[in-house]
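Commentary on secondary and tertiary structure
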Amino acid sequence: MDPNLKLNLHDGEFLPDPSMCKRLIGRLLYLTISRPDITFAVNRLSQYMKAPRVPHLHAVHHLLQYIKSAPEQGLFFPTQNSLNPTAFANADWASCVDTRRSTFVFCVFLGNNLLSWCSKKQPTVLISSTEAKYRALSSITSEIV
């Protein structure tokens, strides 16, 4: 998903048949189990399932084109692997145009194997980018423990 794409609740016309867009997003939610590369995009799109609009459907179609062009992406678990845990976290301060909430993401690896990942909107509006990153680190620490 284009990181500069700013979707919101009010731009564009309503879809004449929103059930098609809702079904597509539901299927994409199921696909995130084995495709962590689309988790962020599907999370963003699922926020607009209540009343999807034309720009949301265009973003869904763009995501479907990406999935079709990269079928080899997904989880791979090699048999020979180290057992060193590694974790990465990041936060995007006030990235949601509608609620001004921050989004945080993290992933936890054991060797080269991806164990856990999350992309989630933080429950409260945060004062600074430092606070957003601190909360992301707090979440990943809880996940590791």
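Refer to the structure printed above.
Model, not experiment: these values are computed from the prediction.

Analysis parameters
Residues numbered from 1 in each chain as written. Predicted model: local features only at pLDDT ≥ 70, side-chain atom pairs only at ≥ 80, totals over all residues. Heavy atoms only, no water. Axes fitted to C-alpha atoms, helices over the stretch in contact; angles between N-to-C directions. Helix = DSSP H or I, 4+ residues; strand = E, 2+ residues; numbered from the N terminus. Parallel < 35°, antiparallel > 145°, perpendicular 65-115°, else oblique. Left-handed = near helix turned anticlockwise from the far one by under 90°. Contact = heavy atoms within 4.5 Å. 1 Å grid on protein atoms, 1.4 Å probe; cavity = no way out; pocket = protein on both sides within 12 Å on 5 of 7 lines; lining within 4 Å. Points joined across faces, edges and corners; volume = space filled by probe spheres on them. Nonpolar A, V, L, I, M, F, W, Y, C, P; charged D, E, K, R; others polar. Salt bridge = Lys/Arg side-chain N within 4 Å of Asp/Glu carboxyl O. Buried < 20%, exposed > 50% of the residue type's maximum accessible area, 1.4 Å probe, protein only. Pairing = 2+ DSSP bridges. Phe/Tyr/Trp six-rings, centres within 6.5 Å; stacked < 30°, edge-to-face > 60°. Lys NZ or Arg CZ within 6 Å of the ring centre and 35° of its normal.

Time to look at the packing of helix α2 (residues 39–46) against helix α3 (residues 54–69). Direction vectors running N to C along α2 and α3 enclose 160°, while the axes themselves pass 10 Å from each other. Taken together, the axes of α2 and α3 lie roughly antiparallel to each other. Once α2 is placed against α3, the crossing between them reads as left-handed. Across the interface between the two elements, A41, V42 and L45 of α2 pack against H56, A59, V60 and L63 of α3.

Right, let's talk about the layout of surface pockets for a bit. For the largest pocket, the calculated volume is near 320 Å³. Taken together, 20 residues make up the lining of the largest pocket; nearest its centre are P36, D37, T39, F40 and V105. Mapped onto the lining of the largest pocket, the elements with two or more residues apiece are α2, α3, β1 (85–92), β2 (103–110) and β3 (113–121). For the lining of the largest pocket, a count of residues per class yields 16 nonpolar, three polar and one charged.

We now examine the pattern of salt bridges. Following the criterion strictly, the structure yields two salt bridges and no others. A salt bridge links D37 to R35; the shortest N-O distance between them is 3.2 Å. Since its relative accessible area comes to 5%, R35 is described here as buried. Between R135 and E131 there is a salt bridge whose closest N-O contact spans 3.4 Å. Separated by four residues within a single helix, R135 and E131 lie in helix α4 (residues 129–144), roughly one turn from each other. Overall, R135 belongs to the partly exposed group, its relative accessible area being 33%. Judged by relative accessible area, E131 falls into the partly exposed class, the value being 24%.

What follows concerns empty space enclosed by the protein. In the structure shown here, the tally under the stated rule is one cavity of 30 Å³ or more. What the largest cavity holds in volume is close to 40 Å³. Lining the largest cavity are R44, Q47, Y48, S95, C96, T103 and K121. A breakdown of the residues in the lining of the largest cavity according to their chemical character gives two nonpolar, three polar and two charged.

Pairing between β2 and β3: eight bridges, direction antiparallel. From the neighbouring strand, T103 faces β3, where its bridge partner is K121. Hairpin connection from β2 to β3: two residues lie between these consecutive antiparallel strands, with G111 at a positive phi of about 70°.

Moving on, we come to the packing of aromatic side chains. Applying the stated criterion across every chain, the model contains two aromatic pairs. Aromatic pair F88 and F109: ring centres 6.0 Å apart, planes at 80°, arrangement edge-to-face. A residue pair is termed long-range when its members are at least 10 positions apart, and F88 in strand β1 and F109 in strand β2 qualify at 21 residues. Under the relative-accessibility criterion, F109 is labelled partly exposed at 21%. Residues F104 and F106 carry aromatic rings whose centres are separated by 6.3 Å and whose planes lie at 10° to one another, so their mutual orientation is stacked. The exposure class assigned to F104 is buried, which follows from its relative accessible area of 6%. Judged by relative accessible area, F106 falls into the buried class, the value being 7%. Here R53 stacks its cationic end above the ring of F14, 3.8 Å away from the centre of that ring.

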